[in-house]
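Single-letter residue listing:
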Amino acid sequence: MLQKVLIANRGEIAVRIIRACKQMGIETVAVYSTADQDSLHVQIADEAVCIGKSSPADSYLHMENIISAAINTGAEAIHPGFGFLSENSKFAKLCEDCRIVFIGPNSKKKKKMGDKAMAKKLMREAEVPVVPGSVGEVTLEEGKEVMKKIGVPLLIKASAGGGGRGMRIVRQENEFEKAYYAAKQESKAAFSHDGVYVEKLIESPKHIEVQIIADRYGNVLHLGERDCSVQRRNQKVIEEAPSQLPKKMRDAMYKSAIKAARHVNYVNAGTIEYVVDKKNFYFIEMNTRIQVEHPVTEMVTGIDIVREQLRIAGGRELKMKQEDIKIQGHAIEVRINAEDPRHNFRPSPGLIEMLHVPQGLGIRFDSMIYTDYEVSPFYDSMIGKMIVHGYSRLDAIRKMRSALEELVVEGIPTNQSFLMMILMHPDFVKGDFNTGFIEKHLEGLLSYET
Ligand code: ADP
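Draft legend 1. Representation of the side chain of His425. As for its placement among the helices and strands, His425 is situated in the loop between helix H13 (416-424) and helix H14 (426-430). We classify His425 as buried; its relative accessible area is 16%. A polar side-chain atom of His425 sits 3.1 Å from the main-chain amide nitrogen of Asp427. Within polar-contact distance, the side chain of His425 engages the side chain of His441 at 3.4 Å. When residues no more than four places from it in sequence are discounted, the contact partners of His425 are Phe437, His441 and Leu445.

Draft legend 2. Region of the structure containing the site of the ligand. Lining the immediate surroundings of the ligand are 23 residues, of which Gly164, Glu199, His207, Gln231 and Glu285 lie closest. In the model, an oxygen atom of the ligand is placed 3.0 Å from a nitrogen or oxygen of the Lys116 side chain. In this structure, Asn234 approaches the ligand through a side-chain N or O atom, which is 3.2 Å from an oxygen atom. Expressed as a share of its isolated accessible area of 550 Å², the protein-covered part of the ligand is 94%. The residue inventory of the shell around the ligand, partitioned by class, reads eight nonpolar, eight polar and seven charged.

Draft legend 3. Spotlight on the packing of aromatic side chains. Applying the stated criterion across every chain yields a total of 11 aromatic pairs. With 5.1 Å between their ring centres and 85° between their planes, Tyr274 and Phe281 make a pair best called edge-to-face. Grouping residues by exposure puts Tyr274 and Phe281 together as buried. Measuring from ring centre to ring centre gives 6.3 Å for Phe433 and Phe437, while their planes differ by 70°; the resulting arrangement is edge-to-face. Taken together, the aromatic side chains of Tyr60, Phe84, Phe378 and Tyr379 make up a single cluster linked through ring pairs. The ring of Phe433 has Lys206 sitting right over it, with the charged end atom 3.7 Å from the ring centre.

Draft legend 4. Molecular detail of the domain arrangement of the chain. Here the chain is described as being made up of domain 1 (4-103), domain 2 (132-200) and domain 3 (206-445). Listed per partner, the contact involves 33 residues of domain 1 and 28 residues of domain 3. Inspection of the domain 1/domain 3 interface yields four salt bridges. In this structure, the salt-bridge partner of Arg289 is Glu87, at a minimum N-O distance of 3.1 Å. Contributions of two or more residues to the side of domain 1 that touches domain 3 are made by helix H1 (11-23) and helix H2 (40-44). With nine residues, the single largest contributor to the side of domain 1 that touches domain 3 is H1. Partitioned by chemical class, the residues of the side of domain 1 that touches domain 3 number 16 nonpolar, 11 polar and six charged.

Draft legend 5. Molecular detail of the state of the cysteines. With the rule as written, the count across this model stands at zero disulfides. As a non-bridged cysteine, Cys95 has Cys98 as the owner of its nearest cysteine sulfur, 7.2 Å distant.

Draft legend 6. Focus on the pairing of strand S21 (residues 382-390). The element S21 is extensively covered by neighbouring structure, given that eight of its nine residues are classed as buried. Relative to S21, strand S14 (residues 330-337) is paired through eight bridges, and the arrangement is antiparallel. Looking at S21, one finds that His330 is bridged to Gly390.

Draft legend 7. Seen up close, the packing of helix H5 (residues 107-114) against helix H6 (residues 116-125). Running from N to C, H5 and H6 cross one another at 95°; their axes reach a closest spacing of 5 Å. Considering their axes alone, H5 and H6 lie roughly perpendicular with respect to each other. Of the residues in H6, those in contact with Lys112, Met113 and Gly114 of H5 are Lys116, Met118, Ala119, Leu122 and Met123. The residue inventory of the contact of H5 with H6, partitioned by class, reads five nonpolar, one polar and two charged.

Draft legend 8. Main features of the sheet that holds strand S9 (residues 206-214). On the basis of which strands lie adjacent, the open sheet formed by eight strands has the order S13-S12-S9-S10-S11-S14-S21-S19 and antiparallel pairing. Every interior strand has two partners, whereas the edge strands, strand S13 (281-287) and strand S19 (363-367), have only one. Going across the sheet, the axis of each strand differs from the next one's by a mean of 25°, ignoring polarity. Against the sheet, helix H12 (residues 393-406) makes contact with strand S11 (235-241), S14, S19 and S21, and its axis sits at roughly 140° relative to S21, the strand it touches most.

Draft legend 9. How the structure looks around helix H15 (residues 437-445). All of the buried residues along H15 are Phe437, Ile438, His441 and Leu445. Projected onto a plane normal to the axis of H15, the buried residues spread over an arc of 95° and lie on a single side. Seen from the buried face of H15, the exposed residues on the opposite side, beyond 90 degrees, are Glu439, Lys440 and Glu443. The secondary structure elements touched by the buried residues of H15 are strand S10 (220-232), S11, H13 and H14.

Draft legend 10. Looking closely at the sheet that holds strand S8 (residues 196-200). The strand order across the open sheet built from three strands is S7-S6-S8, with neighbouring strands paired in antiparallel fashion. This sheet does not close on itself; its edge strands, each paired only once, are strand S7 (167-170) and S8. Neighbour-to-neighbour, the strand axes of this sheet turn through a mean angle of 25°, independent of strand direction. Note: strand S6 (residues 154-158) against S8, five bridges, orientation antiparallel. Of the residues in S8, the one forming a bridge with Leu155 is Glu199. Each of S6 and S8 touches helix H7 (residues 140-150); the most contacted strand, S8, lies at about 5° to it.

Draft legend 11. Expanded view of the layout of surface pockets. Here the second largest pocket is characterised by a volume of approximately 410 Å³. Lining the second largest pocket are 19 residues, with Ser204, Lys206, Lys278, Phe433 and Asn434 positioned closest to its centre. Per-element accounting of the lining of the second largest pocket gives the leading share, three residues, to H15. For the lining of the second largest pocket, the per-class residue count stands at seven nonpolar, five polar and seven charged.

Cut-offs applied
- Starting afresh in each chain, residues are numbered from 1 along the sequence in its written order.
- Where local features are concerned, this predicted model is filtered to residues with pLDDT of at least 70; where side-chain atom pairs are given and counted, the filter is 80 or more; whole-chain, interface and lining totals use all residues.
- Here the side-chain values reflect all heavy atoms present in the structure, with hydrogen atoms and water set aside.
- In this text, helices come from DSSP runs of H or I with a minimum length of four residues, and strands from runs of E with a minimum of two, each type numbered from the N-terminal end.
- Burial classes follow relative accessibility: with a 1.4 Å probe on protein chains only, a residue under 20% of its type's maximum area counts as buried, one over 50% as exposed, and anything between as partly exposed.
- Counted as a polar contact is a pair of N or O atoms within 3.5 Å, where, for protein atoms, one must be capable of donating a hydrogen and the other of accepting one, and residues adjacent in sequence contribute only when both atoms are in side chains.
- In what follows, a contact means two residues having at least one pair of non-hydrogen atoms within 4.5 Å.
- If a single non-hydrogen atom of a residue is within 4 Å of a molecule or strand, that residue counts as near it.
- Here the accessible surface of atoms and residues is derived via Shrake-Rupley with a 1.4 Å probe, and residues count as covered only by protein chains that are part of the display.
- For this classification, the nonpolar set comprises Ala, Val, Leu, Ile, Met, Phe, Trp, Tyr, Cys and Pro, the charged set comprises Asp, Glu, Lys and Arg, and every other residue, Gly included, is treated as polar.
- Aromatic rings from Phe, Tyr and Trp, with only the six-membered ring used for Trp, were paired whenever their centres fell within 6.5 Å, and each pair was classed as stacked if the ring planes differed by under 30 degrees, edge-to-face if by over 60, and tilted otherwise.
- Two limits define a charge over a ring: the Lys NZ or Arg CZ must be within 6 Å of the ring centre, and within 35 degrees of the ring normal.
- All domain edges in this entry derive from an automatic or database-based domain assignment.
- The term salt bridge refers to a pairing of a side-chain nitrogen on Lys or Arg with a carboxyl oxygen on Asp or Glu at a separation within 4 Å.
- Throughout, disulfides are identified as pairs of cysteine sulfur atoms within 2.5 Å of each other.
- Strand pairing is assigned whenever DSSP identifies at least 2 bridges connecting the two strands.
- Interaxial angle, 0 to 180 degrees, is taken between N-to-C directions of lines fitted to C-alpha atoms, where a helix line uses only the stretch in contact.
- To sort the angles, those under 35 degrees are grouped as roughly parallel, those over 145 as roughly antiparallel, those from 65 to 115 as roughly perpendicular, and the leftovers as oblique.
- Throughout, the arc means that of the directions going from the helix axis to the C-beta atoms.
- Throughout, the protein atoms alone are placed on a 1 Å grid, and a set of points is a cavity if a 1.4 Å probe fits but cannot get out or a pocket if it is open with protein on both sides within 12 Å along at least five of seven lines; lining residues have an atom within 4 Å of a point.
- Grid points are joined across faces, edges and corners, and a volume is the space filled by probe spheres set on the points.

Shown next, in the form of structure tokens:
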């Protein structure tokens, strides 16, 4: 089993991973930037190493500094969390070269599945249904050829994409060229790679993803699915488990997710993401890392996914079998952001003057904030995740409303009231929503009292 792990991340996910390590008797090393010296992850880890200045490029993305910190502290493994270096196959390779265990799939698999165009090719081979479109990256001319076959509306997507960036919708054929170059440019700026591919736009879909875990002995299990359709600009806002899809479709999605993982001999926790229309589901990408929304799956299965990642990386075999995994009740997660929804969701960093967190059976708050904590302007605006577990979906909705009503974050604007408006919305309560929900109801969702 692993003895000492370095956590190459910050914020709530670093705290989450450090806690899991402690509960397993594993020593922990935190790394931090100069902006994060008072952060919770630094305070609760056994050791902490400063790896550079505030800007992510100088610290949390600085591979050499992180590797040096691991070597100097004798950490035998690195957990990358999500974001930052978690999907960087170069970093996974560097860890392998330095004989440090990268907690995730090996660098070759990471490279294959991290390239979204390549991943789709592999999934086609595995007979997993994919969104109709190009096979791999395209030139402008090739892209236009694909458009002739699949028609509009379509999406131009960055192979290296993430967080909804490098994506453009084409609704009319004469918009293709402009959108093609815009997607390429955005991708180049964000990911230093400008390869793009083309796929059909599935109108008003649901975003459903299947959580899998796989060990190095060929055991691959699914932990059910999550509905992450409540999104703003292709970024998830609320997630829940299980989804409301018919059982037949859910079973087919599980089967196909396991097939996908087996096809690439996947090892680690991972997510197979699909968009779903009224009749069909289509693979869009695989995430080879822990995800922000993993807690909803943990709440309904009782399985600690980070613990499983650590066990798998330490060479252990999965203890449970598929038939042992039972989905119980319903879980919902909301992402609490330091942002001001009424001002176009602009980030609102600053001092948290007072914090009160609700408690109770089936209420979980994954966060790094505390009273007097200064939210930094250098990083993502997510400051916490509230997760609840209820007997039924309605019970979970009520529990979340009650938790959000009680939560107090004083000093900075947050999206708390906006989230409450979603939880009160009759269409959300009925389960009648897709990825266009927030855009469709934006005006109403912003009409809360302050
Ligand atoms: P990223 O890695 O940037 O998050 P994804 O491929 O996961 O990109 O897509 C993000 C979101 O964009 C999805 O959850 C969905 O809402 C939307 N999306 C992606 N592909 C399609 C598609 N072919 N049709 C309709 N919506 C899509």
